[in-house]
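Per-entry structural report
This is what each chain is made of:
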Amino acid sequence: MKMTSAVANKMVRKLMDDKAYYRSLEEEGSVYVASLDEDPVIPEYNYSEVAAKLDEINEKIVKIKHAINLSNCTNSVTVGEETMTIDMVLVKMAQLNARKSVLDGMRKQQPKTRVDSYYSRKASPEYRYVNYDLNLIKSEYEKVESLITEIQIALDYYNQTVEFEVEI
């Protein structure tokens, strides 16, 4: 069957929910506690049925994720002047988000802050100074944020429009 990456990922999430349901049935039904002086209340549980259902769900997840991975390795998008496969875009997004986080912390620093040290015996206060151009950092942050947005828009378009074959 043909589907987009967005649909395939939704199917995987639904299958993971189904898997969690069967795992909870297994956890709750595979054992029971009973007192010696009463008739036990034995929960309905059939290991073979639950295990078969879990295997079926796992097999569907493997096939869908494999199809997604194949599509991600063979299809590409263009961002600015650079064309990248989807798997490259996903790695690039992770790298850019990590860099954005570092730049965000740097841009929030004050040029000079007093250091409160409870362990120091110095009578005069100590200060911490940034060792970079705050305006440059703010500019870099905005460039990274803009590139992330541009990549995300291209990725969203791909996820909603490009179909690939999934055999489930």
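Right, let's walk through the structure included here. A quick note: this is a predicted structure, and the numbers were derived from the prediction, not measured. (Residues numbered from 1 in each chain as written. Predicted model: local features only at pLDDT ≥ 70, side-chain atom pairs only at ≥ 80, totals over all residues. Heavy atoms only, no water.)

With that out of the way, let us pick up helix H3 (residues 86–107). An ideal rise of 1.5 Å per residue puts 32 Å on 22 residues; H3 measures up with 30 Å between its terminal C-alpha atoms. Those residues of H3 lying buried are Ile86, Val89, Met93, Leu96, Leu103 and Asp104. In a view along the axis of H3, the buried residues occupy a sector of 100°, so they form one face of it. H3 presents Gln95 and Ser101 as exposed residues on the side facing more than 90 degrees away from its buried surface. (Helix = DSSP H or I, 4+ residues; strand = E, 2+ residues; numbered from the N terminus. Expected span 1.5 Å × (residues − 1). Buried < 20%, exposed > 50% of the residue type's maximum accessible area, 1.4 Å probe, protein only. Arc of directions from axis to C-beta.)

Relative to the elements of secondary structure, Met88 occurs in helix H3. Overall, the relative accessible area of 45% leaves Met88 in the partly exposed class. The spacing of Met88 and Asn72 is 16 residues in sequence and 8.4 Å in space, taken between C-alpha atoms.

Next up on the list: the packing of H3 against helix H4 (residues 134–161). Two numbers describe how H3 lies on H4: the axes approach to 9 Å, and their chain directions differ by 150°. Here H3 lies roughly antiparallel to H4, going by the angle between them. Of the two elements, H3 crosses H4, and the hand of that crossing is left-handed. (Axes fitted to C-alpha atoms, helices over the stretch in contact; angles between N-to-C directions. Parallel < 35°, antiparallel > 145°, perpendicular 65-115°, else oblique. Left-handed = near helix turned anticlockwise from the far one by under 90°.)

The contact between helix H1 (residues 5–29) and helix H2 (residues 47–74) brings their axes to 10 Å, and the two run at 160°. Of the possible angle classes, the one that applies to H1 and H2 is roughly antiparallel. You can see that H1 and H2 cross each other, and the crossing is left-handed. Here H1 contributes Ser5, Ala8, Asn9, Met11, Val12, Leu15, Met16, Asp18, Lys19, Tyr22, Arg23 and Glu26 to the contact with H2, which in turn contributes Tyr47, Val50, Lys53, Leu54, Ile57, Asn58, Lys60, Ile61, Ile64, Lys65 and Ile68. Among the residues making up the contact of H1 with H2, the classes are represented as 13 nonpolar, 3 polar and 7 charged. (Contact = heavy atoms within 4.5 Å. Nonpolar A, V, L, I, M, F, W, Y, C, P; charged D, E, K, R; others polar.)

As a further point, take the side chain of Asp104. Relative to the elements of secondary structure, Asp104 occurs in helix H3. At a separation of 2.8 Å, a polar atom in the side chain of Asp104 contacts the side chain of Arg107. A distance of 2.9 Å separates a polar atom in the side chain of Asp104 from a polar atom in the side chain of Lys108. (Polar contact = N/O pair within 3.5 Å; in protein donor to acceptor, adjacent residues only side chain to side chain.)

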